[in-house]
Amino acid sequence: MTITEARGGRRTGSAETGAGRRRGSAVLWGLLGVIVLALLWEGYKAIGPVAGVEFFGTSILPKTDDRSMPHLVDMLTRAVEPVNTSAGSPPVWIAVIGAALNSLGVAAVGWAIGSVVGFLIALLMQRLHVAERAVLPWLILSQTVPLIALAPVIVAWGGKIQIGTFSWDRWMSVAVIASYLAFFPVAVGALRGLQSPDTIHVELMRTYNAGWFRTLVKLRLPASVPFLLPALRLGAASAIVGTVVAEVSTGYKGGIGRMIIEFAQSGTSDPAKAYAPIAGAVVLGLVSAGIVALIGLTLKRFNRQEAAS
Amino acid sequence: MTDTALPTTESSAPGVPLAAISVRSAGKIFTVAKGAEVQALTNIDLTVAPGEFVSLIGPSGCGKSTLLRLIADLDSATSGEILVFGKTARQARLDQEYGIAFQSAGLLPWRSVQANIELPLELHGVGKTERAARAEELIELVGLTDFRSRFPDQLSGGMQQRVAIARSLAERPKLLLMDEPFGALDEMTRERMQQELVRICSETGAAVVFVTHSIPEAVFLSDRVVVMSPRPGRIVDIVDVDLGPGTERSDSLREDGAFFAGVTAVREALHGAPVTPRGADLR
Amino acid sequence: MSDEQRTVKSVEAAAEHPESGLLGTVAIDPTAPALFSLPAEAEATGGRAAAADRRRSVARSVLPPVLLGVAFLLLWQLAVVAFDIKPYLLPSPSDIVGQIFIVLPLLWSSLLATGLNALIGLVLGGLIAVVLALLASRVSILDRMIVPIVAAVAVVPIVALAPILNTMFGSTSDTPRRIVVLIVVFAPVFINTLRGLRQVRPVHRDLMRAYAASNWQLTRTVTLPGAVPFIFTGLRIAAPLGVISAIVAEYFGGLQNGLGSRITSAAANSAYPRAWSYVFGAIILGLVFYAVTLLLERLASRRRA
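Residues numbered from 1 in each chain as written. Chains lettered and ligands numbered in written order. Predicted model: local features only at pLDDT ≥ 70, side-chain atom pairs only at ≥ 80, totals over all residues.

**So, the environment of W93(A)**
Residue and element names in this part refer to chain A.
Piece 1. Relative to the elements of secondary structure, W93 occurs in helix 3 (residues 92-127).
Piece 2. Residue class for W93 comes out partly exposed when judged on the 18 C-beta atoms lying within 10 Å of it.
Piece 3. When the C-alpha atoms of W93 and A279 are compared, they prove to be 9.8 Å apart, with 186 residues separating the residues in sequence.
Piece 4. Residues contacting W93, with those up to four places away along its chain left out, are A79, V80 and A276. (Helix = DSSP H or I, 4+ residues; strand = E, 2+ residues; numbered from the N terminus. Buried ≥ 20, exposed ≤ 12 C-beta atoms within 10 Å, placed from the backbone. Contact = placed C-beta atoms within 7 Å.)

Below you can see the structure in the form of structure tokens.
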């Protein structure tokens, strides 16, 4: 709901050629920004009061001891040391990558299911006006309410549903929550996209005596791409958030969300360890956005209106 | 036409009024993408007397708006000299020697009619009561008394343009710069606005430089019409229009022979040759 | 224009409010369903025929979603009873309503605790975003450094920061949650504000130059007022995200005073109807934040022709 809404003007011809280079320099400038943040971290740690800063009894600046704010160097060195003292324990960063890939898989399943369902609902709403009038208000409403609050409740399904040889695994609860979050932006975005063709284009198809299906394939689907891609990106970001949160509340082992909690609990003795999985979650979000962007590249021909993002 | 009769700087010839605008061999070159250059204006000479109404007319790309922007110091000339009341264009802008109106009214949508008119006064530190009094006068002048607390989106295009003109007059400038202010209005509204503008200008005694691409508009409003031509933008002719003082210009003038003569003269200057008068004399 | 004048204008202004596609690219159009229309709008049009028309169109746009909602609740209730669905899967609506009345005082206090966290995070995050956007619009180095980071923040699970924030500030503090909300809120407000600040029309720029106005005067009279509707659009987008983050941040431990902690503890005790009643509270909280910010956005953007 953030980046996608910030699309600016139309992409112009000359802008398109420089887009790659500009994106590269954006990454460099972004890294510079991260370095500035890192300097702020170390700077505050060096000069800030050990007990933190309180303002009318509310802490507004963090404590600066090594437990609360480890040195950046410690975080990095901890990341290449083994997870624990037991023999054969892998380095933290390897474990983080494994957990992140695990989460990525679950999130991808959720994202795919949510996107397909969202798109089908959008098709239904486009086809049947009464469906749109009845369903759309609920869709919009549901975007504004914290449905992710349901996560701990859905988790309860784990291990309790059994139909024949099929049994409900915990990872499925996680995927359901992820798909749930991915569903809404895709449904709304796809509907807007399917409805985006101008009247003259719709009427043109009518003069060709093209039915609903041919109009869909030749006109509405291509026209929906500039709306669909940002919705899919947003859906992917939501699916990642949903996965991480759901892992936390399910106790589903193996994912990055669970690892964040576990490593944070060892914080007292090993504070620097907690930062690696969090960095992993950040990278996970970026990677998922990148994957969707790659999917978008294959549809570039239909996506002339969407500004570079 | 004697273009250099007026002194251009304050030091020369006491007693003779100072020229409102004096442009001497001014040129403007725009650098566009990839270093290519476009000669927008070349070798412009123009003097505007105090209280004089001068129109700039010509086809698209002849640089008429650019010339106006140079005088207003919204762009700067690449060669030549531009003096406004004997000062450089930049100094004249800093000293607020002119009022300006554009093709789009350019009102601030979150300000009422009155607050829009007060904007320049507010920016230049005029007190609240004085501002309100001045705005009141101007609102009356442009006939918007019932609309002072309306917002721009509640006004028609013609009304918005009247607010813009009132705003340009707010600081009693001796020079008005207008860039096709009626360009987006329908013909009827446009004629009414022209009528009001000549009245307002003769009442305030300000000199006006008025950019337009309408021949009848230029003739109806002006003392002199400057005819320009593109590639490169230059002045090809200056047509004197003698239709009497602004206060006496009324709708009936549009049917007058002298008006038609002016229109013909400007058209011929624009086309570069006498226009065949086929069917021109139907009366 | 004074504030009083604005308030006086608000009723008739709301009637003429242009369809809020004012940003063109906003993925959700809040004006679509009549569910979201302001009371002022319904009253403002004069004429009996117009009123009748309006009633009919309200009926057409309100009735289908309401019917669907009622049908959904009935089906839900019936299904739970008919198929004997266990509460851990899905409690019935009547069970949930019953629980709501039982836990009402606790529900109310935890709603306030979470709501306060969300509000503080929203206000502070919004303020910081606007100030930084103002700076970024003027200082290009800041612009180049912040924009990519904000783009990254928008796709990253910020709630994951909750555990380390808990260690940094101590787990008995509300501050970690507020900071999570602050960061989540920051991105949309910053992006929208920056867009608004860059929307200055050339004619206004020319006008201010002709007035020999200073940079600060340009910002104060043209750029900032022009960006106000964009700021509120950013806040409207950010508000539900803020509430969600405030609740979710509680799942990561720390104080046990908010809706999120009550949901987890009820679920952990297998008290599923109770968990659902807190979820209901979360939904109410989200709606309140959305409605208030939507109203503010409408008020702020009514003068955009």
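**Brief notes about the UniProt feature "domain: ABC transmembrane type-1" (unreviewed entry) in chain C**
Piece 1. Residues annotated by UniProt as "domain: ABC transmembrane type-1" (unreviewed entry) correspond here to residues 107-296 of chain C.
Piece 2. Along residues 107-296 of chain C, the helical share is 83% and the strand share 0%, with 27 Å between the first and last C-alpha atoms. (UniProt positions renumbered as here; feature names shortened; annotations may be inferred.)

**Topic: the interface of chain A and chain C**
Piece 1. Listed as interface residues are 71 residues of chain A and, on the opposing side, 64 residues of chain C.
Piece 2. Elements that contribute at least two residues to the side of chain A that touches chain C include exactly helix 1 (13-47), strand 2 (58-61), helix 4 (129-144), helix 5 (151-155), helix 6 (170-194), helix 8 (212-250), helix 9 (256-265) and helix 10 (275-298) of chain A.
Piece 3. When grouped by side-chain class, the residues that make up the side of chain A that touches chain C number 49 nonpolar, 15 polar and 7 charged. (Nonpolar A, V, L, I, M, F, W, Y, C, P; charged D, E, K, R; others polar.)

**Comments concerning the interface of chain B and chain C**
Piece 1. In this assembly, 22 residues from chain B lie in contact with 18 residues from chain C.
Piece 2. Within the residue set of the side of chain B that touches chain C, elements represented by two or more residues are helix 2 (89-94) and helix 3 (113-123) of chain B.
Piece 3. Counting residues per element, the side of chain B that touches chain C draws most heavily on helix 3 of chain B, which supplies 4 residues.
Piece 4. Along the lines of polarity and charge, the residues of the side of chain B that touches chain C split into 14 nonpolar, 5 polar and 3 charged.

**Considering the sheet that holds strand 2 (residues 37-48) of chain B**
Strands pair in a sheet through their backbones, by hydrogen bonds, and they do so in one of two ways: parallel or antiparallel.
Residue and element names in this part refer to chain B.
Piece 1. Reading across from one edge, 2-1-4-5 is the order of the 4 strands in this open sheet, with antiparallel pairing throughout. Whereas interior strands pair on both sides, the edge strands pair on one side only; in this sheet they are strand 2 and strand 5 (87-88).
Piece 2. Two strands pair when backbone bridges link them, and strand 4 (residues 79-84) and strand 5 are joined in this way by 2 bridges, in the antiparallel orientation. Residue pairing across strands places L83 opposite T88, the latter belonging to strand 5. (Pairing = 2+ DSSP bridges.)

**Digging into the UniProt feature "transmembrane region" (unreviewed entry) in chain C**
Residue and element names in this part refer to chain C.
Piece 1. The positions that UniProt labels "transmembrane region" (unreviewed entry) are, in the present scheme, residues 62-83, 103-134, 146-165, 177-197, 218-239 and 275-296.
Piece 2. Secondary structure content for residues 103-134 is 97% helix and 0% strand, while the C-alpha to C-alpha distance between its ends is 46 Å.
Piece 3. With 100% helix and 0% strand, residues 275-296 has end C-alpha atoms that lie 32 Å from one another.

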